[in-house]
Amino acid sequence: MSDEQTRLGELRDEIDRIDQQVMDLISARARCAQEVAHVKMAANPGEDVFFYRPEREAQVLRRIKEQNPGPLPAEEMARLFREIMSACLALEKPMHIAFLGPKGTFTQAAALKHFGHSVISVPLPAIDAVFREVESGAAHYGVVPVENSTEGMINHTLDMFMSSPLKICGEVQLRIHHHLLVSPANKDQEITRIYSHQQSFAQCRQWLDTHRYGIERITVSSNAEAARRAAEEPGTAAIAGDMAAELYGLEKLANSIEDRPDNTTRFLIIGKEEVPASGHDKSSILVSMRNKPGALYTLLEPFHRHGISLTRIETRPSPSGTWAYVFYIDFEGHMDDPQVSKVLAEIDDEAVELKRLGSYPIGVL
Ligand SMILES: O=C(O)C(=O)C[C@]1(C(=O)O)C=C[C@@H](O)C=C1
């Protein structure tokens, strides 16, 4: 046996021993999570038990990132623990997560990034259908896109909060990489049509104008639908992401064709519960102000005075009348924080309506 083979043998024996220890420790952790479930059920007999604890998960993942000794990158270590916690939660209670489908969309990728792969993910055809699924209790939580760094807000999601009783329980950001995809059978054929979602065409506009100018662009309901069509129709391609490419067995003609290298979409987790503070949180509100001079100043000034940072403000037309507006505001902090409570109390005095959409941990992964 060569020196190399001897050394490899020793190292692999060591890896086997470590794997056994890792497995024993993960199993001990899973038994602990089962015990946690019993404690939660005993404390709330006959009631809805919230097994999923977003604030606790955020704290665990933050600690892992802070204390990771290397050589694995902190992001990678957090992803491994994300999956371990996901499997532990599934032992407590299998979670049904509704998302804007079909299968293979970026929203599904976001749902799996946030909850891990041990959930049951349920594709639905529209944003309002995701809200309804969670409102009816058919799904425990929902995942919907809310804004893209290139294309701006997804107004349909914002507008749903005007009428829905659901709360925002979390957020997750996903780097969006679009690829030009073809079926292996069509690889050498001339492409005469490209399918994609309207947002993806917008995010790849310059690349398409430079590299595929003049080829017909056909807008469909999702990237995954575009990939499905490209898999079936000769002479076509799709612009979609990795999940859709994998699902429909497509090959990449061109990789990461989004115009902006930082192209990112933010998604919201919606559910029925209010989430306690995790120590690093964000909150969202909807406010409708009287239409009078200085209304926007009156709304924003308390945030400035109490030292609360706004992370987003959007204006939407109010459903109640012409030229009336609703402000959608995200800010740092939790609604239980004394400073935040003061700001909201002041706004409440001035606003026609203030709706608290929820406080939730700032996305960790
Ligand atoms: O701490 C809890 O409440 C648990 O249920 C345990 C645990 C975990 O595996 O760490 C599992 C699911 C929750 O979402 C949060 C954490």
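Residues numbered from 1 in each chain as written. Predicted model: local features only at pLDDT ≥ 70, side-chain atom pairs only at ≥ 80, totals over all residues. Heavy atoms only, no water.

Caption draft 1: Inspection of the site of the ligand at higher detail. In the neighbourhood of the ligand, the contacting residues comprise Arg 29, Val 36, Lys 40, Phe 51, Tyr 52, Arg 53, Arg 56, Glu 57, Met 85, Cys 88, Leu 89 and Glu 92. At a separation of 2.8 Å, an oxygen atom of the ligand approaches a polar side-chain atom of Arg 29. Within the backbone of Arg 53, an N or O atom sits 2.9 Å from an oxygen atom of the ligand. Burial of the ligand by the protein amounts to 90% of the accessible area it has alone, namely 360 Å². Listing elements by their share of the shell around the ligand, those giving two or more residues are helix H1 (3–43), helix H2 (54–67) and helix H3 (74–92). Of the residues forming the shell around the ligand, the biggest block, four residues, is contributed by H3. (Near = heavy atom within 4 Å. Polar contact = N/O pair within 3.5 Å; in protein donor to acceptor, adjacent residues only side chain to side chain. Areas by Shrake-Rupley, 256 points an atom, 1.4 Å probe, with all protein chains shown as cover. Helix = DSSP H or I, 4+ residues; strand = E, 2+ residues; numbered from the N terminus.)

Caption draft 2: Just the pairing of strand E2 (residues 120–124), in detail. Relative to E2, strand E1 (residues 96–100) is paired through five bridges, and the arrangement is parallel. From the neighbouring strand, Ala 98 faces E2, where its bridge partner is Val 122. Each parallel crossover has a hand, and for E1 linked through helix H4 (residues 106–115) to E2 it is right-handed. (Pairing = 2+ DSSP bridges. Right-handed = clockwise from strand over helix to strand, strands pointing away.)

Caption draft 3: Structural context of the side chain of Glu 57. If you trace the backbone, Glu 57 turns up in helix H2. Not counting residues up to four positions away in its chain, the partners in contact with Glu 57 are Tyr 52, Arg 82, Met 85 and Leu 89. (Contact = heavy atoms within 4.5 Å.)

Caption draft 4: Here's a closer look at the domain arrangement of the protein. Per the domain assignment, the segments of the protein are domain 1 (179–262) and domain 2 (275–361). The straight-line distance from the C-alpha centre of domain 1 to that of domain 2 is 40 Å. (Domains from an automatic or database assignment.)

Caption draft 5: Main features of the layout of surface pockets. Approximately 520 Å³ is the volume attributed to the largest pocket. Considering the residues around the largest pocket, the lining is formed by 26 residues, among which Leu 100, Thr 107, Pro 145, His 197 and Gln 199 are closest to the centre. Broken down by secondary-structure element, the contributors of at least two residues to the lining of the largest pocket are H4, strand E3 (141–148), helix H6 (155–163), helix H7 (198–203) and strand E11 (264–271). For the lining of the largest pocket, the leading source of residues is H7, giving four residues. Its residues assigned to classes, the lining of the largest pocket comprises ten nonpolar, 16 polar and no charged. (1 Å grid on protein atoms, 1.4 Å probe; cavity = no way out; pocket = protein on both sides within 12 Å on 5 of 7 lines; lining within 4 Å. Points joined across faces, edges and corners; volume = space filled by probe spheres on them. Nonpolar A, V, L, I, M, F, W, Y, C, P; charged D, E, K, R; others polar.)

Caption draft 6: Summary view of unusual backbone geometry. Omega for the bond connecting Gly 70 with Pro 71 falls within 30 degrees of zero, at 10°, which places this linkage in the cis form. Within the secondary structure layout, Pro 71 lies in the loop between H2 and H3. Unusually for a residue other than glycine, Ser 256 sits at a positive phi of about 45°. Following the sequence through the fold, Ser 256 ends up in the loop between strand E10 (251–254) and E11.

Caption draft 7: Just the sheet that holds strand E7 (residues 193–197), in detail. The strand order across the open sheet formed by five strands is E8-E7-E9-E6-E10, and the pairing between neighbours is mixed. In the strand order of this sheet, the two ends are held by strand E8 (216–220) and E10, each with one partner. The sheet shows a mean angle of 35° between the axes of neighbouring strands, taken without regard to direction. As paired elements, strand E6 (residues 179–182) and strand E9 (residues 236–240) share three bridges and run antiparallel to each other. Opposite His 179, over in E9, you have Ala 240 as the bridge partner. Sheet contacts for helix H9 (residues 223–232): E6, E7, E8 and E9; angle to E9, the most-contacted strand, approximately 155°. (Axes fitted to C-alpha atoms, helices over the stretch in contact; angles between N-to-C directions.)

Caption draft 8: A look at empty space enclosed by the protein. Tallied over the full model, the rule gives one cavity of 30 Å³ or more. For the largest cavity, the calculated volume is near 170 Å³. Along the walls of the largest cavity sit 17 residues, with Ala 58, Leu 61, His 114, Glu 171 and Val 364 positioned nearest its centre. Broken down by secondary-structure element, the contributors of at least two residues to the lining of the largest cavity are H2, H4 and strand E5 (167–175). Residue composition of the lining of the largest cavity, grouped by class: ten nonpolar, three polar and four charged.

Caption draft 9: Structural context of the packing of H1 against H3. Contact geometry for H1 and H3: axes closest at 9 Å, N-to-C directions at 40°. Taken as axis vectors, H1 and H3 run oblique relative to one another. When the axes of H1 and H3 are compared, the crossing they make is right-handed. Along its contact with H1, which presents Ile 26, Arg 29, Ala 30, Ala 33, Gln 34, Val 36, Ala 37 and Lys 40, the element H3 presents Ile 84, Met 85, Cys 88, Leu 91 and Glu 92. The residue inventory of the contact of H1 with H3, partitioned by class, reads nine nonpolar, one polar and three charged. (Parallel < 35°, antiparallel > 145°, perpendicular 65-115°, else oblique. Left-handed = near helix turned anticlockwise from the far one by under 90°.)

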